[in-house]
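# Summary of structural features
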Amino acid sequence: MSETVTTVSDVEFGAEIPTFTPDTSLENVKRFGKFVGWGGPRFTDHEAARKEGFPGALVPGVMSQGFLGAMIHRWAPSSEIVAIDTVFRAPVLVDEPHQIVGVVTDVDEEAGCVEIDITITNEAEETRVFGTATVKLPTG
Amino acid sequence: METDIEELRSGFLNEEFDEVTFEIDGERFAEYALSCGEQAPRFTDPAHADFQAPPTFVSTLVGGRSLPVDFPRLGGVGMDAGKGVEWMAPIRAGATLTGKSHLHDIYTKTGRSGRMIFLVTRMELFDEEGVHVANADTRTVMRERPSE
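The structure reproduced in this document is the subject of the present report. (Residues numbered from 1 in each chain as written. Chains lettered and ligands numbered in written order. Predicted model: local features only at pLDDT ≥ 70, side-chain atom pairs only at ≥ 80, totals over all residues. Heavy atoms only, no water.)

### Considering the overall build of chain B
Counting its secondary structure elements, chain B contains three helices and five strands. Reading chain B from its N terminus to its C terminus gives the helix and strand order α-β-α-α-β-β-β-β. In terms of its C-alpha atoms, chain B occupies a principal-axis envelope of roughly 60 × 30 × 20 Å. Looking at chain B as a whole, 51% of its 148 residues qualify as buried. Accessible surface computed for chain B: about 7500 Å², of which carbon and sulfur atoms make up 48%. (Helix = DSSP H or I, 4+ residues; strand = E, 2+ residues; numbered from the N terminus. Buried < 20%, exposed > 50% of the residue type's maximum accessible area, 1.4 Å probe, protein only. Areas by Shrake-Rupley, 256 points an atom, 1.4 Å probe, with all protein chains shown as cover.)

Laid out in structure tokens, this is it:
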């Protein structure tokens, strides 16, 4: 399967979406906090987060959801995400490598819609965030 | 004593409890897009003809209240368990959106550590013409306080 898709006809049931490595660096999370919000110490300061009982600074959940959206748009640049539901199962930690994998679980060629399951895992391959998206693609 | 979920549902579901206005800043959503790893110019480049907010951006819009003013205290500290977005139309830089919030669902799950209560707050977003452009759901979970 190619790295990107253009129309719904390009999408196969069960296909894996190219893996995406999100930028979970402290610098990027601070940038998110500065411009978007969620700039509190638990997100931007490892020591402050540890004092709150966390293993380290946390990537905001809304940023993790944004990673999932970005992964879909990288794979299908002309797509529209019409729905996305995200479950925050465990913290995504700042400065720790994570990977996002996705798989196509349904294809409706007539409606031009595909369903995708997406998972963010850490280096130990533990699921941190799980999402399901409905994506509309040109029927071309 | 366990919280009566059916009573909560009949008393609070689908009753609007908050209304706020958002001025949509294109620089803010472009920065959101870039920091999340978006590459499509329609989300990152203000000069693009189809410049618009990524659909998930609406999850960053926060209302004035997350629960009705008379909603009972359920005990434990609420944790953000998830976000959901339904996208209906593009949100452009400079738009003024009205967000109206209601409790969309209340349900429980029981595990080894006891019962957890989930509250789903939905913010419906409308543009200046009253067009419904998106829904942004926040799922909060709290562990029920043990019976005394």
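### Here's the deal with the packing of helix H1 (residues 26-35) of chain A against helix H2 (residues 26-36) of chain B
When two helices pack together, their arrangement is given by the angle between the helix axes and by the axis-to-axis distance. It is the contact of H1(A) with H2(B), at a shortest axis distance of 9 Å, that shows an interaxial angle of 165 degrees. Classified by the interaxial angle, the pair formed by H1(A) and H2(B) is roughly antiparallel. Taken as a pair, H1(A) and H2(B) cross one another with a handedness that is left-handed. Residues A:Asn28, A:Arg31, A:Phe32 and A:Phe35 of H1(A) lie in contact with H2(B), whose contacting residues are B:Glu27, B:Arg28, B:Glu31, B:Tyr32, B:Leu34, B:Ser35 and B:Cys36. When the residues that make up the contact of H1(A) with H2(B) are grouped by side-chain class, the tally is five nonpolar, two polar and four charged. (Axes fitted to C-alpha atoms, helices over the stretch in contact; angles between N-to-C directions. Parallel < 35°, antiparallel > 145°, perpendicular 65-115°, else oblique. Left-handed = near helix turned anticlockwise from the far one by under 90°. Contact = heavy atoms within 4.5 Å. Nonpolar A, V, L, I, M, F, W, Y, C, P; charged D, E, K, R; others polar.)

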